[in-house]
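Chain by chain, the residues:
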Amino acid sequence: MVKIGLFGLGTVGQGLLQLVKKSPYAEIKAVVDRSYQKKKDILQDIPASDDPSMILENPEIDIYVELIGGIDFPLFIAREAIDRKKTLITANKALLAEHGYAIFSRASLNEVHIGFEAAIAGAIPIVRNLMSVINYQPISRLQGILNGTTNYLLTKMAKRKAPYHEVLKEAQELGLAEADPTLDVNGMDACHKLALLASLITNKWFEYERIETVGIEQISLSDILWAEKMGYKIKLLADYHYNDKKHFISVEPTMIPSSSPLYAIDNEDNAILVKGEFSGEHLFAGKGAGSLPTAYSVYADIVNYALGRHSSWDMKHPEYAAIAPESGADYEFYIRLQVQNRPGVLAKAAQSLGSRGISIAAVHQEAIYEENSQDPVDLVIVTHHCRKEVLTKALAEIEKQDYCTNAAVKIPIKGSDTPKK
Ligand SMILES: NC(=O)c1ccc[n+]([C@@H]2O[C@H](COP(=O)([O-])OP(=O)(O)OC[C@H]3O[C@@H](n4cnc5c(N)ncnc54)[C@H](OP(=O)(O)O)[C@@H]3O)[C@@H](O)[C@H]2O)c1
């Protein structure tokens with residue numbers, strides 16, 4: 001029986017307690033939690049304290065499981081685990097993205113195993129599969145829907161034809177979004193997870209602060225409805241691709257065509273699409289959060305340890321990955337301009353794009369407006385492949401024209417193919 005010291009008896013910790021109670025492989029020897037006294041019914045006869053020495057000073061304990069969240073105290077626990085040569089299992093992506101370089105390299109040097117399956121996509125077994133099956137070949141692309149809250153909000157906006165703030169309030173009332181949803185909606189949670197996934201597949205270290213990250217706060221209902229009309233869905237896409245010997249990596253709202261396997265991933269579900277040079281595309285999908293789904297990934301790491309099947313990430317002296325500027329990436333784009341409803345506007349916008357070599361694949365204009373209305377209208381343009389930086393310059397020029405009444409919206413359109421040079 002593996003003996004566990006559990007830090008944190010919250011949502012995931014309580015799920016783990018339920019799973020371990022019935023386990024033939026592991027038992028919880030002690031719990032450290034700041035409000036353990038309020039959780040006596042859940043703890044029953046398991047010793048508990050708010051003092052970490054209850055676990056740290058117990059030589060019987062084999063594994064530290066960290067389910068506290070935040071950074072400072074979990075970092076202390078990680079350092080103690082590595083120095084004391086105890087296996088560490090954690091669901092804490094923020095900790096690993098921020099301090100993973102030091103944690104993983106120190107753990108490799110000390111031959112300490114770190115299990116972090118639950119940190120990436122809740123119940124989806126992506127770390128194990130990447131480390132032990134998929135990663136023996138070059139991986140040219142990894143795309144993920146890695147944040148359940150944002151996927152839920154975007155799905156509900158489309159289904160209910162409701163604006164962002166309305167669905168966010170409703171999701172908070174249902175407990176599907178945090179009271180403070182900042183790290184979810186600004187893309188940072190997905191960015192932490194993508195940094196770890198890209199590091200895993202390249203065995204280099206990706207600094208999450210250098211990943212271009214755009215959240216969903218500015219996505220308007222108009223864009224969601226236009227996407228639907230054109231056969232796309234807007235998703236917060238975490239995207240890594242290796243092209244022309246460069247690592248491109250970003251998190252941003254993206255138009256997903258119906259041909260992509262990620263198109264069907266709705267509500268709070270998560271998914272990861274990985275393309276191996278020899279094995280082709282693999283889709284991993286499932287629950288990205290929740291008490292039992294997340295606890296299950298923690299539990300699976302514990303059982304693998306108990307059965308001696310864990311494989312450690314060898315990161316003794318990781319190189320930092322050089323990230324190619326996203327401005328140089330090449331995609332098709334959806335553009336929405338708000339323009340005055342008068343003749344010649346489309347020709348002028350097309351001229352600004354065409355003079356920079358940006359070619360137009362399709363144009364849409366909302367037909368519900370009166371012919372002589374003074375109200376601005378949506379002019380939606382889909383481009384062929386073009387460089388992001390070139391498009392940004394063309395849109396800056398368009399925004400200065402008197403016919404353009406609002407800031408232009410640009411959203412990349414990404415299928416699952418690796419972009420070609
Ligand atoms: N929830 C999910 O679905 C999910 C999914 C994937 C990954 N994760 C990750 O799993 C970890 C835990 O998440 P969670 O949702 O279970 O969090 P949570 O519900 O807030 O639970 C955290 C627990 O740790 C306790 N705690 C907080 N700070 C402490 C401190 N300084 N000393 C001792 N105890 C402390 C809390 O006590 P109080 O009760 O007093 O707050 C609470 O019992 C996080 O890293 C999170 O990112 C969660």
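Just so it is clear, the structure is predicted and the values come from calculations on it, not from any experiment.

Visitor: Honestly, unusual backbone geometry in this entry has me stumped. Any pointers?
Guide: Negative phi is the rule for most residues except glycine; trans is the rule for most peptide bonds. The phi dihedral of K161 falls on the positive side, at around 50°, and the residue is not glycine. Examined against the element boundaries, K161 turns out to sit in the loop between helix 8 (148–160) and helix 9 (164–173). Residue classification places K161 among the partly exposed positions, given a relative accessible area of 46%. The phi angle at D244 is positive, at roughly 55°, despite the residue not being glycine. Note that D244 resides in the loop between strand 10 (232–243) and strand 11 (246–257).

Visitor: Got a minute to help me understand the environment of L56 in this structure?
Guide: Looking at where L56 falls in the secondary structure, it is placed in helix 3 (residues 53–56). With 41 residues separating them in the primary sequence, L56 and A97 have C-alpha atoms 24 Å apart.

Visitor: Help me understand the domain arrangement of the protein chain, please; the structure alone is not making it clear to me.
Guide: Often, the extent of an interface is quoted as the loss of accessible area upon association of its parts. By the assigned domains, the protein chain splits into domain 1 (2–115), domain 2 (138–284) and domain 3 (326–413). Taken together, the contact between domain 2 and domain 3 spans 19 residues of the former and 17 residues of the latter. Carbon and sulfur atoms supply 61% of the area buried between domain 2 and domain 3, which totals about 1,400 Å² over both sides. Between the two partners, domain 2 and domain 3, sit 3 salt bridges. Note that K388 and E252 form a salt bridge whose closest N and O atoms lie 3.1 Å from each other. Remark: the boundary between domain 2 and domain 3 carries 6 residue pairs in polar contact (both at pLDDT 80 or more). Those elements that place two or more of their residues in the side of domain 2 that touches domain 3 are helix 12 (221–229), strand 10 and strand 11. At 7 residues, the largest contribution of residues to the side of domain 2 that touches domain 3 is made by strand 11.

Scoring rules and cut-offs
- Residues numbered from 1 in each chain as written.
- Predicted model: local features only at pLDDT ≥ 70, side-chain atom pairs only at ≥ 80, totals over all residues.
- Heavy atoms only, no water.
- Helix = DSSP H or I, 4+ residues; strand = E, 2+ residues; numbered from the N terminus.
- Buried < 20%, exposed > 50% of the residue type's maximum accessible area, 1.4 Å probe, protein only.
- Domains from an automatic or database assignment.
- Contact = heavy atoms within 4.5 Å.
- Buried area = accessible area lost by both parts, 1.4 Å probe.
- Salt bridge = Lys/Arg side-chain N within 4 Å of Asp/Glu carboxyl O.
- Polar contact = N/O pair within 3.5 Å; in protein donor to acceptor, adjacent residues only side chain to side chain.

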